[in-house]
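Now for the letters of each chain:
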Amino acid sequence: MADGARALLGSRGGSPASSPQLGGRSRSQPPPAPLSAPGHGFRRVTLTKPTFCHCCTDFIWGLAGYQCEVCNFMSHEKCLKHVKIPCSCIASSLVRIPVAHCFGPPGHYKRKFCTVCRKQLESLAFRCEVCELHVHTDCLPFACSDCRQCHQDGHQDHDTYHHHWREGNLSSSARCEVCKKTCGSSEVLSGMRCEWCGILAHASCYIIVPPECTFGRLRNMILPPNCVRLVSRNFSKMHCFRISESLQTEPDEDEDVDGLTQGSVKDAQISTDSSKQTLKIFDGNDAVKRNQFRLISVPRIAKSEEVVEAALRAYYVNDDQQHYELQTFSQQTLFSDDIINRNDATEETNPGPVFREAVPEAWIIRAKSKDHEVIRIYPGWLKVGMAYLSLRIDKESTTQTVIKEVLPQLGRQTECLQNFKLLEVLMGSKQVQRMVLDDQEVILSRLKDIRKTSIRQMNQTRFYIVENNKSVVRVNLFVGGLPPQLSAEEYTNILKDDLAIKTNLLSLSHVYSVQGAVVLEMSCFSEAERIYMLAKDTTVNDKQLTAAVIPEVLHTKLPQNCCPLLVFVNPKSGGLKGRDLLYSFRKLLNPHQVFELTNGGPLPGFHTFSQVPYFRVLVCGGDGTVGWVLGALEEIRHMLVCSEPSVAILPLGTGNDLGRVLRWGAGYSGEDPYSILISVDEADDVLMDRWTILLDAQEAVESAENGILEPEPPKIVQMNNYCGLGIDAELSLGFHHAREEEPGKFNSRFHNKGVYVKVGLQRISHTRNLHKDIKLQVDQHEVELPSIEGLIFINIPSWGSGADLWGSDHDNRFEKPRIDDGLLEVVGVTGVVHMGQVQGGLRSGIRIAQGSYFRVTLLKPIPVQVDGEPWIQPPGQIIISVAGPKKIRVIQTIQEHGV
């Protein structure tokens with residue numbers, strides 16, 4: 001989209017780990033670069049291996065091709081005039097609104113290409129969790145800050161969104177929306193894709209696509225970026241999108257550049273040309289202090305201009321080499337703040353071959369001082385029109401004089417200078433930093449200081465003129481894990497004691513006492529960051545606190561037909577496929593509508609959508625996860641504007657019985673996430689009964705306060721699928737204990753079911769005496785139980801991974817079961833063998849009763865499980881009722897999904 005992309009977006013160019021040594025030639029003169037190849041420096045090279053053109057994706061026949069010296073873009077000679085993708089050396093200048101990327105942990109990504117150096121990812125690499133950017137670890141510092149803009153943050157907010165184009169990493173079968181021909185390739189980085197609507201096009205075709213983006217087929221499910229507000233100056237992108245930091249094993253900046261340096265050494269060692277020499281190039285004082293350098297290869301006898309040009313290419317600086325010089329220093333100065341200029345003036349007057357074999361290997365590239373120069377000023381409030389103004393400055397130019405000269409050119413000469421400010425913006429790939437310049441700041445001196453620190457940093461720095469409006473700071477922070485059933489005043493006191501909150505800087509905007517959570521509205525960025533970091537290391541009553549940054553959904557701006565999808569994903573469910581789904585759904589939707597359940601549970605998501613008039617929910621997890629989300633929905637329903645959102649299920653668990661009944665399949669096995677979202681959009685709503693279970697134990701327990709034996713207080717749980725007593729719950733309890741002992745082994749459905757079989761075989765010799773230990777009453781009538789070992793109450797026609805426990809035989813005593821009939825079916829099983837026969841389809845259970853109100857009296861402790869969550873229930877009463885009646889709205893697919 002235009003708000004996060006550059007005007008002529010394409011590749012972010014290349015990452016030359018060393019100065020190009022192509023075809024074994026010295027500096028052969030390239031043909032004049034065509035006007036249609038923005039920023040590239042093509043030269044003719046000799047091909048030594050099969051090579052494909054990055055423009056047309058066809059094979060380059062013969063021994064000669066044309067390669068950009070900076071970004072490695074390969075092309076036929078005939079394709080040079082058709083190249084539209086800009087080189088990396090001008091990439092940052094084409095970004096309209098800088099948006100930092102959200103890089104997750106490094107990993108290995110097969111069949112992907114680096115969008116910086118255009119080479120295949122064969123080693124560790126990073127990928128953005130929000131957009132399709134993939135980049136080598138050594139290319140990361142040179143990635144462009146052109147991520148998707150997923151929310152308004154007070155800087156150049158737009159209501160109209162344009163396509164956000166990203167080059168490459170398309171399937172080989174991808175077809176161009178314009179010419180209908182193949183635009184993807186598995187051999188090179190080629191083709192363009194809008195990261196909002198998914199439209200595909202050739203690099204030569206996408207420029208004629210209408211710029212406005214309509215969000216494509218998923219438009220009604222996507223939370224529009226202009227309807228989300230999040231001002232998060234001090235928070236990283238990982239925090240903003242609530243991405244679990246336990247997965248973030250990304251090395252720090254020092255390690256990134258060290259990896260880059262090692263890569264440079266490797267590339268330099270490939271050359272066996274004895275006429276070449278390798279030089280270390282440091283970019284400014286910052287690189288010298290950190291001992292971070294790039295390597296270039298130049299002829300052993302070369303002109304200084306050639307070496308400076310190679311050094312600029314290594315750091316992606318597209319500027320005249322005459323404005324720069326190289327300084328040399330000894331190893332001792334590598335750790336000194338004082339960098340000595342060892343290049344005397346004779347070098348400038350004698351531009352002959354000065355770099356010889358005996359010269360030092362380490363150099364630092366510097367910008368020559370200037371008495372005046374031309375800078376670009378970007379109007380921060382403009383949505384259309386000119387992108388920037390060019391302004392000539394000298395030693396007398398200050399922030400105030402620059403504003404005074406710029407305003408008349410923007411037609412605002414009558415306005416007061418004090419109403420505007422000059423903003424310096426550093427567009428880093430991982431963070432965009434903004435700083436307001438003082439009115440008396442000398443701009444030329446400021447530029448000199450930046451270049452002294454890093455020339456590349458100067459290349460990533462912009463100046464914006466913005467209106468001096470006092471923006472109201474408002475950060476919403478969700479804090480969970482607090483003791484339940486307390487008042488707002490009691491929660492405030494707890495936060496004062498454990499987090500040392502400052503009540504003059506925050507207020508409790510929402511209190512969820514049942515769940516033990518609060519939402520803090522904060523008016524100070526630094527205080528919000530302090531509380532966020534402190535809460536993650538704080539426990540209250542031996543329970544770990546959770547914290548999450550919550551965006552504000554501007555519900556009044558939502559389109560009339562918009563029904564955004566609220567997505568919950570449990571990455572620990574079933575086969576641990578949740579992590580891949582988290583990544584995919586963040587790409588396909590707005591990441592602000594995707595919530596990871598291990599980071600605060602479902603409550604942060606429901607709070608975020610509390611004012612949305614109509615939305616749907618997608619739960620990705622097992623039956624236990626579904627019950628967790630539905631339970632949270634039941635508790636918070638009265639606080640939602642949309643009190644009855646429809647719930648869809650993507651089964652990730654082991655049994656997935658509810659997913660089977662609603663035709664979502666036996667379990668997720670890698671289907672295309674896009675097709676899943678389409679199925680959710682096309683699915684129908686159906687009603688399903690939801691039951692309340694009251695557990696009233698009569699066994700006395702010791703009070704924690706005075707040590708006196710007191711009756712255990714009643715507990716209430718909700719049931720969606722089934723409730724089991726006896727052998728069924730005992731097997732679940734055995735599986736639960738085994739998973740707690742070795743959780744790392746339970747990462748596949750096949751292994752999980754194997755553990756169930758093992759636990760069942762250990763209990764195959766149990767006697768049938770459950771009917772002696774319990775009494776059953778159905779709709780106020782006593783029911784005599786047969787000789788059984790397990791009693792199961794079923795609400796859906798699927799139990800134990802798809803088995804039909806009730807059976808399909810017609811019986812005049814009972815009505816045909818439905819999930820919305822307000823009735824539960826009661827079935828008995830005689831033991832493990834009987835359960836195995838039911839799951840094999842050889843038998844059905846013993847039909848006992850059907851009704852809407854049940855009372856079970858336990859005469860001794862008995863294993864009980866509700867929707868797969870087991871425990872030992874003491875003697876007492878269990879009452880099951882609809883208590884309402886209660887029905888939830890679930891989504892049933894039209895077509896059967898994978899089984």
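See above for the structure.
Residues numbered from 1 in each chain as written. Predicted model: local features only at pLDDT ≥ 70, side-chain atom pairs only at ≥ 80, totals over all residues. Heavy atoms only, no water.

Turning our attention to the environment of Leu417. Turning to its location among the elements, Leu417 is positioned in the loop between helix 6 (399-409) and strand 18 (420-427). For Leu417, a relative accessible area of 24% translates into the label partly exposed. Between the alpha carbons of Leu417 and Leu407 there is a distance of 8.5 Å; along the sequence they are 10 residues apart. Once residues within four sequence positions are removed from consideration, Leu417 is found in contact with Gln400, Ile403, Lys404 and Leu407. (Helix = DSSP H or I, 4+ residues; strand = E, 2+ residues; numbered from the N terminus. Buried < 20%, exposed > 50% of the residue type's maximum accessible area, 1.4 Å probe, protein only. Contact = heavy atoms within 4.5 Å.)

With that out of the way, let us pick up the nonpolar core. Counting 141 residues, the largest nonpolar core has Phe585, Phe606 and Leu618 as its most contacted members. One finds Trp691, Leu785, Leu858 and Val866 within the second-largest nonpolar core, a separate group that totals 27 residues. (Core = buried A, V, L, I, M, F, W, Y, C linked by side-chain atoms within 4.5 Å.)

Attention shifts here to the pattern of salt bridges. Under the definition given, this model contains 24 salt bridges. Between Arg530 and Glu527 there is a salt bridge, and its shortest N-O distance comes to 2.8 Å. Of the two residues, Arg530 and Glu527 are both situated in helix 10 (residues 525-535); the distance of 3 residues between them amounts to about one turn of the helix. In this structure, Arg818 engages Asp820 in a salt bridge whose closest nitrogen and oxygen atoms are separated by 3.1 Å. Classification of Arg818 as partly exposed rests on a relative accessible area of 46%. Classification of Asp820 as partly exposed rests on a relative accessible area of 29%. (Salt bridge = Lys/Arg side-chain N within 4 Å of Asp/Glu carboxyl O.)

Of all 11 residues that make up helix 4 (residues 304-314), 8 are buried, and the element is covered over most of its length. Turning to helix 4, its buried residues are Ser304, Val307, Val308, Ala310, Ala311, Leu312, Arg313 and Ala314. At the exit of helix 4 stands Tyr316, carrying a positive phi of roughly 60°.

Moving on to a nonpolar patch on the surface. Together, Val178, Ile207 and Ile208 make up a nonpolar patch on the protein surface, roughly 260 Å² of accessible area in all. Since its relative accessible area comes to 45%, Ile207 is described here as partly exposed. (Patch = residues over 30% accessible without salt bridge, like charges linked within 9 Å, V, L, I, M, F, W, Y side chains within 5 Å. Areas by Shrake-Rupley, 256 points an atom, 1.4 Å probe, with all protein chains shown as cover.)

This next bit is on the side chain of Lys237. Inspection of the secondary structure assignment puts Lys237 in helix 1 (residues 237-240). Look at Lys237: it is buried, it has no salt bridge, and the nearest opposite charge is Asp153 at 8.4 Å. At 2.4 Å, the side chain of Lys237 forms a polar contact with the backbone oxygen of Ala100. Residue contacts for Lys237: discarding those within four places in its chain leaves Val99, Ala100, His101 and Cys102. (Lys, Arg positive; Asp, Glu negative; His and termini not counted. Polar contact = N/O pair within 3.5 Å; in protein donor to acceptor, adjacent residues only side chain to side chain.)

In this section: the packing of aromatic side chains. Scanning the entire structure with this criterion turns up 16 aromatic pairs. Between Tyr378 and Tyr388 the ring centres are 5.5 Å apart and the planes differ by 50°, which places this aromatic pair in the tilted class. Of this pair, Tyr378 sits in strand 16 (residues 372-379) while Tyr388 is found in the loop between strand 16 and strand 17 (389-394), placing the two residues 10 residues apart along the sequence. Judged by relative accessible area, which is 31%, Tyr388 ranks as partly exposed. Through a chain of ring-to-ring contacts, three or more aromatic side chains come together here, namely Phe52, Phe59 and Trp61. Directly above the aromatic system of Phe595 lies the positively charged group of Arg242, at a separation of 4.0 Å from the ring centroid. Just above the ring of Phe293 sits the side chain of Lys280; from NZ or CZ to the centre is 4.8 Å. (Phe/Tyr/Trp six-rings, centres within 6.5 Å; stacked < 30°, edge-to-face > 60°. Lys NZ or Arg CZ within 6 Å of the ring centre and 35° of its normal.)

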